[in-house]
Each structure stands twice: as structure tokens, then as C-alpha cells.
Amino acid sequence: MADTFHTQVIAILPKLRVQALALTRNRAAAEDLVQDAVCNALSARESFVPGTNFGAWMHRILRNRFISDLRKQRNVTDIEDVPASLLSTKSDHEDRLAVKDLAFALARLPEDQREALVLVVLQGMSYQELAELTGCAVGTAKSRVFRARRQLEAWMVGDLPADDKLRQRAVALRDEANRRTSLARAGVSNGSGVALG
């Protein structure tokens, strides 16, 4: 049983990483969360019933570990703070800007909607599995995914208030990329003899 258990743990690691990244919005924190969840699973492997849904069991362990860690951190840090490095990164390519826009929009979603969207859309989890994992009704799981998709679509097509910081940052990044592209096409240099772009 131990070999099968370890094989299942290794096989599910990529999906756990995606879920952890959706929850933490930080690559290093996501890796730490996955490690902690795997350690918890290994120490609790005797409680896993063979033949039941291993993936759902692991996702629940990871989610519970995240919630537990979040409760401990709440008194110390505000997890809603966006790292300055994320906001200061510039991109010259429109597709990278779109990904950045999407990342900002995903970060703004309520945690339950973001998690539901990632698990269903990116990992292919069924609504039934999502409902079991999060302890909600199937209708609630569907509603969370629907609302998340709708909100992301609205944000990505620009349906945001004019004073919204997400829109302001996205517009600034897009303008900077367009400016650099225009300068590069025109062959304008940056003063050092090197063309911008």
C-alpha cells in the first residue's frame, strides 16, 4: 500500500501546485504549502481509505492546511497586500500584458471563487468533486465558477470603474508597451545608441 500511496502523491503534485498557487498567489508560498500538505498526508496516510477519491482527499488536506496557516498569519500580515515587485514588472509583449492583466484580475476575485475557477477550469475537477472538497452544495460550486468567469470577463474587457486600480495599472502597462513598440519600430534610440524595445 505504501508504494501505491507514494505513487499517487507524486502523480497529484502538479495539480496541488496549481491549487496552492491559486490560493496563495505567491510561487514560494505555494511550494511551501504543497510541501506542508504532502507532509500532513504522509503522516495521515493510515486514515486514507483505499478505493476512495485520493485527489479529493489531497486537495482537502492542502486547503485545510492553507486555512490553518491563514488563521495563524492573520494577526501578523495582511495577505491582500500585492507585492511591489509584481506591480513594478514591465513587459514588452501584448500576450505577457494579457497574462499580467489576468493575474491581477484573478487576485481580485474572492478566495472561494478563485479556488473554484482554478480547480474546475484548470484542473478539470467536476462540480460534484468541488462541492465535496469545499463542503458546499453542487449548485453553490457551479455558482462560484459562473460568478468568477463572469467577473473575470467583465474585468478583462474593461468593464471596471474609471478609478479602479486594476484598470489604471493595466492601462499604464499597455500604454508603456505600445510606446516602446512604436519607438522600436521607428528606430528611436534611448540616448545610448541602442534602439528601445
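Please read all numbers here as calculations on a predicted model, not as lab measurements.

Chemist: Please set out unusual backbone geometry residue by residue, giving values where relevant.
Modeler: In this structure, Arg 25 is a non-glycine residue whose phi angle is positive, near 60°. Secondary-structure assignment places Arg 25 in the loop between α1 (2-24) and α2 (27-43).

Chemist: Describe in detail the packing of helix α3 (residues 54-73) against helix α7 (residues 127-134), supporting the description with residues and values.
Modeler: The contact between α3 and α7 brings their axes to 9 Å, and the two run at 40°. As summarised for this structure, α3 and α7 are arranged oblique, according to the angle between their axes. α3 and α7 meet at a crossing whose hand is right-handed. Between α3 and α7, the contacting residues are Ala 56, His 59, Arg 60 and Arg 63 on the first element and Glu 132, Leu 133 and Thr 134 on the second. The residue inventory of the contact of α3 with α7, partitioned by class, reads two nonpolar, two polar and three charged.

Chemist: Tell me about the confidence of the model for the chain, and please be specific about residues and values.
Modeler: Across the chain, the average pLDDT comes to 77, with 71% of residues at or above 70. In the model of the chain, helix α4 (residues 84-88) stands out as the element of lowest mean pLDDT, 45, in contrast to α2, which has the highest, 90. With pLDDT under 50 throughout, residues 84-92 is counted as low confidence; its partners more than four residues away or in other chains account for 21 contacts. Long-range and interchain partners of residues 189-197, a stretch whose pLDDT sits below 50, account for 13 contacts in this model, where long-range means more than four residues apart.

Chemist: Lay out the environment of Arg 108 with the relevant residues and their values.
Modeler: Following the sequence through the fold, Arg 108 ends up in helix α5 (residues 94-108). The class for Arg 108 is partly exposed, based on a relative accessible area of 41%. With 44 residues separating them in the primary sequence, Arg 108 and Leu 152 have C-alpha atoms 9.2 Å apart.

What counts, and where the lines are drawn
- Residues numbered from 1 in each chain as written.
- Predicted model: local features only at pLDDT ≥ 70, side-chain atom pairs only at ≥ 80, totals over all residues.
- Heavy atoms only, no water.
- Helix = DSSP H or I, 4+ residues; strand = E, 2+ residues; numbered from the N terminus.
- Axes fitted to C-alpha atoms, helices over the stretch in contact; angles between N-to-C directions.
- Parallel < 35°, antiparallel > 145°, perpendicular 65-115°, else oblique.
- Left-handed = near helix turned anticlockwise from the far one by under 90°.
- Contact = heavy atoms within 4.5 Å.
- Nonpolar A, V, L, I, M, F, W, Y, C, P; charged D, E, K, R; others polar.
- pLDDT = per-residue confidence, 0-100.
- Buried < 20%, exposed > 50% of the residue type's maximum accessible area, 1.4 Å probe, protein only.

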